[in-house]
Amino acid sequence: MKIPVSRPLFTGLEARYANQAIVNGDLSGTFGEFISRFENNFSKYCECNFGISTMNGTTAIHLALATLGIKAGDEVLVSSLTNMATFFAVVYQGAIPIPIDIELDTWNLNPELLEKKITKKTKAILVVHLFGHPVDMDPVLAIARKYKLYVVEDAAQAHGAEYKGKKVGSLGDVGCFSFYANKVITTGEGGMIVTNSEGLASRARSLKSLGYGRKNKFMHEVIGFNYRMTNVQAAIGTAQLENIDFILKRKRDIADFYIDHLSDIQELKFPVEKNYAKNVYWMFHIVLGESFAGRRDLVTNLLKEKGIETRESFIPGNMQKLFIDAYGFRETDCPVANNVGLNGFYLPSGPNISKDELQYVVYSLRDLFLNI
Ligand SMILES: Cc1ncc(COP(=O)(O)O)c(C=O)c1O
């Protein structure tokens, strides 16, 4: 057996729509029916009025920050445990990402730690709905209101997740998504920002496409970027979105299966679903408990020998040498994130994993903990 950590689920509609885009000759990111169709459908899905597609999730976050006017010297509070794309997007604006430690159970930014990191330079809070579980947003939004900060949601891993019945992406000023190949829905590479603000949407649209002039195209209105998603990618995304409920059902079934069959293993910590949350279990991420701390390579290598691919968790921002050198972060700044980052990994959780494959992963993991 060889079980990949993730592979996308296509129905045939993706190829049909992509082919339609190609046959029509609508290849670029400036015209073609699928760009607006995907933007409209996805923003509606996120309960937002506006959607602006981008090349990937990283450019979505950067576009959001640029649109909000985050600038050199500003500080942005960021959940430390994330793909470093979240941190880099802040750095692209010349701003400084300030790592915030995470909660023990959700692995998301701990809102209780925000206030003491706020300075005169703080302009925004960049939350990450990690592994599909929404951040506890009410305290984040209350702090943002109190200190007049923007809230940007990195929902790259959380399409369809809900906080108190509301879709992630719609809770802050701007929500950012990735459609990379392993994401809940994919366009290969791709991203989108969603917002309810017409002003922000219009500015983002302009910045995304080189700030072309509205009257005179080549008299540019702002120094923009070319962050356009192509119409062919948007065609794939439009098809994927039509199947999102099924994909999310599969993700939940996979998570339920793993929890039902593994949760008695004392050496492991499992994802949670808080009262306020609908978790979409983007990837089934688990963490080795204290008795196995520091032995992740041993465990994942034994799984690899059995044909089971895993992926290690992220190395938190406060542990990145790049940032320690540039900003004086200390490795010890976020101890909870460090522990999860060093001892966490995903089990195979692609939407088309079979029952036999799931059973094999469960059997192999149980066997491993009995014999290690
Ligand atoms: C939390 C998070 N933010 C941002 C990104 C960046 O997205 P992309 O790879 O589409 O640029 C990723 C990774 O894919 C991610 O997991």
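Residues numbered from 1 in each chain as written. Predicted model: local features only at pLDDT ≥ 70, side-chain atom pairs only at ≥ 80, totals over all residues. Heavy atoms only, no water.

A.B. asks: So what's going on with the overall build of the protein chain? Which residues, and what values?
C.D. replies: A tally of regular secondary structure across the protein chain gives twelve helices and 14 strands. Relative to its length of 372 residues, the protein chain is compact, with a C-alpha radius of gyration of 21 Å against a globular reference of 21 Å. Its C-alpha atoms give the protein chain principal-axis dimensions of roughly 70 × 55 × 35 Å. Long-range contacts, defined as pairs at least 24 residues apart, comprise 70% of the intrachain contacts of the protein chain with a sequence gap of at least 6. Accessible area for the protein chain stands at about 15800 Å²; split by element, carbon and sulfur atoms hold 53% of it. Computed over 41 positive and 40 negative side-chain charges, the inter-centroid distance for the protein chain is 5 Å. (Helix = DSSP H or I, 4+ residues; strand = E, 2+ residues; numbered from the N terminus. Rg over C-alpha atoms; globule rule 2.2 N^0.38 Å. Contact = heavy atoms within 4.5 Å. Areas by Shrake-Rupley, 256 points an atom, 1.4 Å probe, with all protein chains shown as cover. Lys, Arg positive; Asp, Glu negative; His and termini not counted. Charge placed at Lys NZ, Arg CZ, Asp CG, Glu CD.)

A.B. asks: Describe the domain arrangement of the protein chain, naming the residues involved and giving the relevant values.
C.D. replies: Its domain assignment divides the protein chain into domain 1 (13–100 + 109–242) and domain 2 (245–371). For domain 1 versus domain 2, the distance between C-alpha centres works out to 26 Å. In this complex, domain 1 contributes 34 residues to the contact, which on the side of domain 2 involves 32 residues. In terms of surface lost to domain 2, no three residues of domain 1 exceed Leu-81, Phe-131 and His-133, which account for 27% of the buried area on that side. For the salt bridge of Glu-162 with Lys-278, the shortest nitrogen-to-oxygen distance reads 4.0 Å. Joining domain 1 to domain 2, the criterion identifies nine residue pairs in polar contact (both at pLDDT 80 or more). Breaking the side of domain 1 that touches domain 2 down by element, the ones donating at least two residues are α4 (85–92), β3 (96–100) and β6 (162–163). If you tally residues by element for the side of domain 1 that touches domain 2, the top one is β3, at four residues. Split by residue class, the side of domain 1 that touches domain 2 holds 20 nonpolar, ten polar and four charged. (Domains from an automatic or database assignment. Buried area = accessible area lost by both parts, 1.4 Å probe. Salt bridge = Lys/Arg side-chain N within 4 Å of Asp/Glu carboxyl O. Polar contact = N/O pair within 3.5 Å; in protein donor to acceptor, adjacent residues only side chain to side chain. Nonpolar A, V, L, I, M, F, W, Y, C, P; charged D, E, K, R; others polar.)

A.B. asks: Outline the pattern of salt bridges, listing residues and values.
C.D. replies: Scanning the model with the defined rule gives 19 salt bridges in all. Asp-253 is paired through a salt bridge with Lys-249; the nearest N and O atoms lie 2.8 Å apart. Taken as a pair, Asp-253 and Lys-249 lie in helix α8 (residues 244–262) at a separation of four residues, close to a single helical turn. Judged by relative accessible area, which is 29%, Asp-253 ranks as partly exposed. Residues joined in a network through salt bridges with shared partners are Glu-33, Arg-37 and Glu-242. (Buried < 20%, exposed > 50% of the residue type's maximum accessible area, 1.4 Å probe, protein only.)

A.B. asks: Provide a residue-level description of helix α12 (residues 355–371), including the pertinent values.
C.D. replies: Helix length check: α12, at 17 residues, gives a terminal C-alpha distance of 24 Å against a target of 24 Å (1.5 Å per residue), a fit within 8%. Buried residues belonging to α12 abut α8, β10 (268–269), β12 (284–288), α9 (296–305) and β14 (344–347). (Expected span 1.5 Å × (residues − 1).)

A.B. asks: Give me the lowdown on the packing of helix α1 (residues 13–23) against helix α7 (residues 231–242), citing residues and values where you can.
C.D. replies: The contact between α1 and α7 brings their axes to 8 Å, and the two run at 150°. Classed by the angle they form, the pair α1 and α7 counts as roughly antiparallel. Handedness of the crossing formed by α1 with α7: right-handed. Where α1 approaches α7, its residues Leu-13, Glu-14, Tyr-17, Ala-18, Ala-21 and Ile-22 are matched on the opposing element by Asn-231, Val-232, Ala-235, Ile-236, Thr-238, Ala-239, Gln-240 and Glu-242. (Axes fitted to C-alpha atoms, helices over the stretch in contact; angles between N-to-C directions. Parallel < 35°, antiparallel > 145°, perpendicular 65-115°, else oblique. Left-handed = near helix turned anticlockwise from the far one by under 90°.)

A.B. asks: Can you explain the nonpolar core? Please cite residues and give values.
C.D. replies: Core analysis: the biggest nonpolar cluster contains 67 residues, and Phe-38, Phe-42, Ile-125 and Ile-185 have the highest contact counts within it. A domain split of this core shows at least three residues from each of domain 1 (13–100 + 109–242) and domain 2 (245–371). Ignoring any residue separated from it by four or fewer positions in sequence, one finds Phe-38 in contact with Phe-179, Ile-185, Thr-187, Met-192, Met-229, Ala-234, Gly-237, Thr-238 and Leu-241. Within the second largest apolar cluster, 30 residues are counted, among which are Ala-89, Val-90, Ala-124 and Tyr-227. (Core = buried A, V, L, I, M, F, W, Y, C linked by side-chain atoms within 4.5 Å.)

A.B. asks: Can you explain the site of the ligand? Please cite residues and give values.
C.D. replies: By nearness alone, 15 residues border the ligand, and Gly-57, Thr-58, Asp-154, Ser-178 and Lys-183 come closest of all. At 2.8 Å, a side-chain N or O of Gln-157 approaches an oxygen atom of the ligand. Ser-178 places a polar side-chain atom, nitrogen or oxygen, 2.7 Å from an oxygen atom of the ligand. With the chains in place, 91% of the 380 Å² that the ligand exposes on its own is no longer accessible. Within the residue set of the shell around the ligand, elements represented by two or more residues are α3 (57–67) and α4. Here the shell around the ligand gets three residues from one element, more than from any other, and that element is α3. (Near = heavy atom within 4 Å.)

A.B. asks: Lay out the sheet that holds strand β7 (residues 166–167) in plain terms, naming residues and giving numbers.
C.D. replies: If you walk across this open sheet you meet the three strands as β7-β6-β11, and the pairing is antiparallel. Two strands close off the open sheet at either side, each with one partner strand: β7 and β11 (277–278). Relative to β7, β6 is paired through two bridges, and the arrangement is antiparallel. From the neighbouring strand, Tyr-163 faces β7, where its bridge partner is Lys-166. (Pairing = 2+ DSSP bridges.)

A.B. asks: An account of the pairing of β14 is needed here, citing residue identities and associated values.
C.D. replies: Of the two faces of β14, the one lined by Gly-344 and Tyr-346 and the one lined by Phe-345 and Leu-347 are each fully buried. As defined by bridge partners, β12 adjoins β14 across four bridges and the pair is classed as antiparallel. Pairing of Phe-284 across the sheet is with Leu-347, part of β14. In this structure, strand β13 (residues 311–312) lies alongside β14, joined through two bridges in antiparallel fashion. For Arg-311, the partnering residue across the bridge sits in β14 and is Tyr-346.

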